[in-house]
Amino acid sequence: MAKVMEGLYYSESHEYVRVEGEYGYIGISDYAQHALGNVVYVDMPEVDDEVTAGEEFGAVESVKAASDLISPVTGVVVEVNEALDDQPELVNSDAYENWIIKVKLADKTELDNLMAAQAYAAFCDKQ
């Protein structure tokens, strides 16, 4: 059973956002990393790149498949998780601790379009 963390916002494409002030940490959910299997590469944008809600910002590759990363929110990338360059498998060990990008949120009302933990858990159960 995949772990769903309370206090995060989730998209139907299995990305999450952890909001801290005006920033959002974006990564893939535990459900997504289980579905992908062993992650071997994470393609991330550059600092200062803009990401747009509903649009691709990178990809995660595993031994089984590659999956596009779809941004759940709009913003500007202020940090990428450089640890994933050398150790992409960190996403498998703890998907919530090992976020992929940190963005300065452009519009917090976009969070209203995402699912809370309970709704996301129910969504995953139907997959």
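Cut-offs used in this document
- Residues numbered from 1 in each chain as written.
- Predicted model: local features only at pLDDT ≥ 70, side-chain atom pairs only at ≥ 80, totals over all residues.
- Heavy atoms only, no water.
- Pairing = 2+ DSSP bridges.
- Helix = DSSP H or I, 4+ residues; strand = E, 2+ residues; numbered from the N terminus.
- Patch = residues over 30% accessible without salt bridge, like charges linked within 9 Å, V, L, I, M, F, W, Y side chains within 5 Å.
- Areas by Shrake-Rupley, 256 points an atom, 1.4 Å probe, with all protein chains shown as cover.
- Salt bridge = Lys/Arg side-chain N within 4 Å of Asp/Glu carboxyl O.
- Phe/Tyr/Trp six-rings, centres within 6.5 Å; stacked < 30°, edge-to-face > 60°.
- Buried < 20%, exposed > 50% of the residue type's maximum accessible area, 1.4 Å probe, protein only.
- Lys NZ or Arg CZ within 6 Å of the ring centre and 35° of its normal.

## Observations regarding the sheet that holds strand β2 (residues 15–20)
Next up, step 1: Taken in spatial order, the six strands of this open sheet run β1-β2-β3-β9-β8-β5, and their pairing is antiparallel. The sheet terminates laterally at β1 (9–10) and β5 (50–51), the two strands that pair on one side only.
Next up, step 2: The pairing of β2 with strand β3 (residues 23–28) spans six bridges and is classified as antiparallel. Bridge pairing links Val17 to Ile26 in β3.

## A few points about a nonpolar patch on the surface
Next up, step 1: A surface patch of nonpolar side chains, about 290 Å² in accessible area, is lined by Val40, Tyr41 and Val63.
Next up, step 2: For Tyr41, the location among the structural elements is in strand β4 (residues 39–43).

## A word on the packing of aromatic side chains
Next up, step 1: Using the criterion set out here, one finds five aromatic pairs in the structure.
Next up, step 2: Each ring, one from Tyr10 and one from Tyr120, has its centre 4.3 Å from the other, and the planes form 5 degrees; the classification is stacked. One end of the pair, Tyr10, is in strand β1; the other, Tyr120, is in helix α4 (residues 117–125), with 110 residues separating them in the sequence.
Next up, step 3: Classification of Tyr120 as buried rests on a relative accessible area of 0%.
Next up, step 4: The interplanar angle of 70 degrees and the centroid separation of 5.1 Å between the aromatic rings of Tyr25 and Trp99 together place this pair among those described as edge-to-face. Of this pair, Tyr25 sits in strand β3 while Trp99 sits in the loop between α3 (90–93) and β9 (101–105), and the two are 74 residues apart along the sequence. Residue Tyr25 shares its accessibility class with Trp99, and that shared class is buried.
Next up, step 5: Over the ring of Tyr23 we find Lys102, and its NZ or CZ is 4.6 Å from the ring centre.

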